[in-house]
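Summary of the model geometry
The primary structure of each chain is shown beneath.
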Amino acid sequence: MSCERSRIALFGVFVFTFLAGPSFAAVLTNVRAAQAPPTISFSATPDDIATGQNSTLVWDTTDATSVTIDNGIGSQPVSGSVVVEPTLTTTYTLTATGPGGTASSQATVTVTNRPIISFIIHPTDIVSGSSATLIWSVSNSRSVSIDNGIGPVPASGSINVFPTTTTTYTMTAAGAAGDSFADVTVNVVEVPQILSFTATPSTIPGGGSATIEWSVSGVDFVKIDPIGDEFANGSIDVSPTRTTVYRLTASNAAGTAQATVTVTVVYPTQPKHRAVRH
């Protein structure tokens, strides 16, 4: 093993120490690794907003003992998030400090003078045939429109809609600095539909079995009398001892659907014996 001799001056006296070369190098490497500068993950979501909207700064650091963000935010946890609402395009600088030194990272939030949209629907869940109300308010726009056949609308207002299926409405607001968009969705609960309900075979001998099979949309569970509650799609083997009518019922807030199948049980006819005269 090669060795290196080091001369160290302590209070005017030279002291010689011997250190094994490879071991000493390993110690130095470990020290450097333990004192690595902080690493940073730093982002803004969304990073492109309209005036009056906000963005969330999110960060995570390693090997850091303190974190600061400029633009008036100040000291923060080593990992976390904060909501910002800049009025102009702003670059935020996060500085992380740890035993290994200091590191920094930047995230930019671009602010444009696009329209600002507030767009809601109430209620969000309706029964087929009922109505929901779209309500909106838009600022800094030249024109506003809603799809699904509604068309141009004023900058603020409301309108009743009568969708027959679950529908997403998209609002488009055009402005001098660009367009803004917003979506709302109304979930429409439809009357359940029994897609199929069969018995195979529909006629069985006494002691035999048949398979009842069904498929239903619009619900998660159904009731089959006289079997009981089942999933909306499935099958089951039955062995009735007499001819039996099976009734499937599917219900939700919009209504009820029913269907029946019959399993006919046939027993062999007993032969008739004639009386014999002697």
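For the structure given in this document, a descriptive report is provided here. Here the structure is a predicted model, which is why all the values come from computation and not from measurement. (Residues numbered from 1 in each chain as written. Predicted model: local features only at pLDDT ≥ 70, side-chain atom pairs only at ≥ 80, totals over all residues. Heavy atoms only, no water.)

Some words on the sheet that holds strand β13 (residues 132-139)
Put simply, the rule is: Pairing between strands is defined by DSSP: at least two bridges between the two strands are required. Only DSSP runs of H or I reaching four residues or more are called helices, and only runs of E reaching two or more are called strands; each is numbered from the N terminus. The axes are straight lines fitted to the C-alpha atoms, using for helices just the contacting stretch, and the angles between their N-to-C directions are given from 0 to 180°.
Read across the open sheet, the three strands follow the order β11-β13-β16; overall the sheet is antiparallel. Looking at strand neighbours, the two that pair on one side only are β11 (116-122) and β16 (156-161), the edges of this open sheet. Neighbour to neighbour, the strand axes of the sheet diverge by 15 degrees on average, direction disregarded. In terms of strand pairing, β13 meets β16 through six bridges, oriented antiparallel. Bridge pairing in β16 places I135 opposite S158.

A word on the side chain of R114
Stated precisely, the cut-off is as follows: N or O atoms closer than or at 3.5 Å make up a polar contact, with two conditions inside protein: a donor-capable atom paired with an acceptor-capable one, and, for residues adjacent in sequence, both atoms drawn from side chains. We call two residues in contact whenever any of their non-hydrogen atoms come within 4.5 Å of each other.
You can see R114 is positioned in the loop between β10 (101-112) and β11. In terms of polar contacts, R114 uses its side chain to reach the side chain of D48, at 3.2 Å. A polar contact of 2.6 Å, which involves the side chain of R114, links it to the side chain of T112. Setting aside residues up to four positions removed in sequence, R114 forms contacts with D48, I49, A50, N140, A177, G178, D179 and S180.

Considering the pattern of salt bridges
How we decide: By convention in these notes, a salt bridge is any Lys or Arg side-chain nitrogen within 4 Å of a carboxyl oxygen on Asp or Glu.
Across all of its chains, the model carries one salt bridge by this definition. The shortest N-O distance in the salt bridge between D48 and R114 comes to 3.2 Å. Taken together, the residues span a long stretch of sequence, with D48 in strand β4 (residues 48-50) and R114 in the loop between β10 and β11 at a distance of 66 residues.

Details of the sheet that holds strand β14 (residues 143-146)
Spatial strand order, β12-β18-β17-β14-β15: five strands in an open sheet with mixed pairing. For this open sheet the edge positions go to β12 (125-127) and β15 (151-153), each flanked by a neighbour on one side alone. This sheet shows a mean twist of 30 degrees between the axes of neighbouring strands, independent of strand direction.

Examining the side chain of S55
By secondary structure assignment, the location of S55 is in strand β5 (residues 55-62). A distance of 3.5 Å separates a polar atom in the side chain of S55 from the backbone oxygen of T45. Those residues in contact with S55 that sit more than four places away from it in its chain are A44, T45, P46, I49, V82, V83, V84 and V109.

Thoughts on unusual backbone geometry
Note the cis peptide between H122 and P123, where omega equals -10 degrees. That bond from T200 to P201 is cis: its omega, -10 degrees, falls within 30 degrees of zero. One can find P201 in the loop between β19 (193-200) and β20 (203-205). One non-glycine residue, N140, lies in the positive phi region at around 60 degrees. Within the fold, N140 resides in the loop between β13 and β14. For N148, which is not glycine, the phi dihedral falls at a positive 60 degrees. For N148, the location among the structural elements is in the loop between β14 and β15.

Structural notes on the nonpolar core
Note on soluble globular proteins: their nonpolar side chains tend to be buried together. Definition in use: Only buried residues count toward a nonpolar core. Its members are Ala, Val, Leu, Ile, Met, Phe, Trp, Tyr and Cys residues joined through side-chain atoms within 4.5 Å. Three labels apply to residues, based on accessible area from a 1.4 Å probe with only protein chains included: buried if under 20% of the type maximum, exposed if over 50%, partly exposed otherwise in between.
With 19 residues, the main nonpolar core has F119, I121, L134, W136, I146, Y169 and M171 as its most contacted residues. When residues no more than four places from it in sequence are discounted, the contact partners of F119 are L134, I135, W136, I146, Y169, M171, A182, D183 and V184. Ranked by size, the runner-up nonpolar core spans 18 residues in total, among them V216, I224, V238 and V261.

Notes on the environment of S66
Structurally, S66 is set in strand β6 (residues 66-69). Spatially, the C-alpha atom of S66 lies 5.9 Å from that of V78, the residues being twelve residues apart in sequence. Those residues in contact with S66 that lie beyond four places of it in its chain are V78, T95, A96 and T97.

Quick look at the pairing of strand β17 (residues 167-175)
Along a regular strand, successive side chains alternate from one face of the sheet to the other. With four bridges connecting them, β14 and β17 associate as antiparallel partners. Residue S145 lies in a different strand from β17, and its bridge partner there is T172. Looking at chain direction, β17 and strand β18 (residues 178-189) are connected through nine bridges and run antiparallel. Note on β18: the bridge partner recorded for G175 is G178. Hairpin geometry of β17 and β18 is characterised by an intervening segment of two residues between the two adjacent antiparallel strands.

Don't take any of this as a statement about function, it's just geometry.
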